[in-house]
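# Coordinate analysis (summary)
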Amino acid sequence: MKQLILAAAAAIAVAGCHSAPQTPSNANGESAQTTSARSSPSGTSFGGYPDQVSWGKHLVQMSGCGDCHTPKVMSPMGPVPDTTMYLAGHPSQIPPPRINRAEIEKQGLMLTNDLTVWIGPWGISYAANLTPDETGIGGWTEAQFIRAIREGKWKGMENSRSLLPPMSFVAASLNQVANDEELKAIFAYLKTIKPVHNLVPGPEAPLHQAQHAHSAAQF
Ligand code: HEC
């Protein structure tokens, strides 16, 4: 967590993460979108995959959810996904990097080398735990997951806060390309992965807001 990658890298990461979920051509050579658009609510078609969970796995891998939600470990070639923490979010025991936050929040954005911590004008956001543990999406319903993505709401609850960047961008991109059956398949897959107990820290407000709140409290 000592190295930091600057804004340019962040832009590349986000661009890379935003590839639309796609499904392979089926036996007739029909395109993915055509196939998935035809998915019936009864679940008889899974974008060319034999079942909903394997379709969801494919969509998660294609969309690069793990790029941000899986912490990394260092290798001679740089950071690689920590397979013991697959989609488990920012590790609770790792504090945010010690940097000049005020400068970063003013100038652009910065992310840590494992892409689980993002700092920008919105403050600090930490990649969430997407595993089916109680500290992740274990207690979520399918409807909550769909609302989280469709409405960009934290924990998919109606009156909760809006999701912060970069997830707000990811959700907006997903909403342009993913239908409900695809979101349901993603959720069904997430429910099958290994639960990891990891309570991700809540986001932090930008410094200028925190300072306003502090000076307001003094008067
Ligand atoms: C570019 C990095 C990035 C990518 C790619 C990404 N996420 Fe996220 N995600 C985050 C961050 C950071 C948060 C925390 C946002 C917050 O606290 O508001 C988050 C939050 C979430 C949440 C809300 C969790 C909660 O507790 O409310 C869900 C659901 C989610 N992501 C699902 C996904 C899925 C599914 C994918 C792949 C399709 C994905 N994310 C791809 C960075 C990313």
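Data block above holds the structure.
In this text, all values refer to a predicted model and were calculated from it rather than measured experimentally.

Between Pro-165 and Pro-166 the backbone carries a cis peptide bond, its omega angle lying at 0°. Along the chain, the position of Pro-166 falls in the loop between helix H6 (142–150) and helix H7 (167–177). You will see that Leu-87, though not glycine, has its phi angle at about 60°, which is positive. Its location among the elements puts Leu-87 in the loop between strand E3 (78–81) and helix H5 (101–107). Its identity as a non-glycine residue notwithstanding, Leu-115 has a phi of 60°, on the positive side. The topology assignment puts Leu-115 in the loop between strand E4 (110–112) and strand E5 (117–120).

Let us look at the environment of Gln-52. Tracing the backbone through its elements, the reader meets Gln-52 in helix H3 (residues 52–63). Gln-52 gets classed as buried once you count the C-beta atoms within 10 Å, which come to 20. In this structure, the C-alpha to C-alpha distance between Gln-52 and Ala-185, residues 133 residues apart in sequence, is 5.2 Å.

Analysis parameters
Residues numbered from 1 in each chain as written. Predicted model: local features only at pLDDT ≥ 70, side-chain atom pairs only at ≥ 80, totals over all residues. Helix = DSSP H or I, 4+ residues; strand = E, 2+ residues; numbered from the N terminus. Buried ≥ 20, exposed ≤ 12 C-beta atoms within 10 Å, placed from the backbone.

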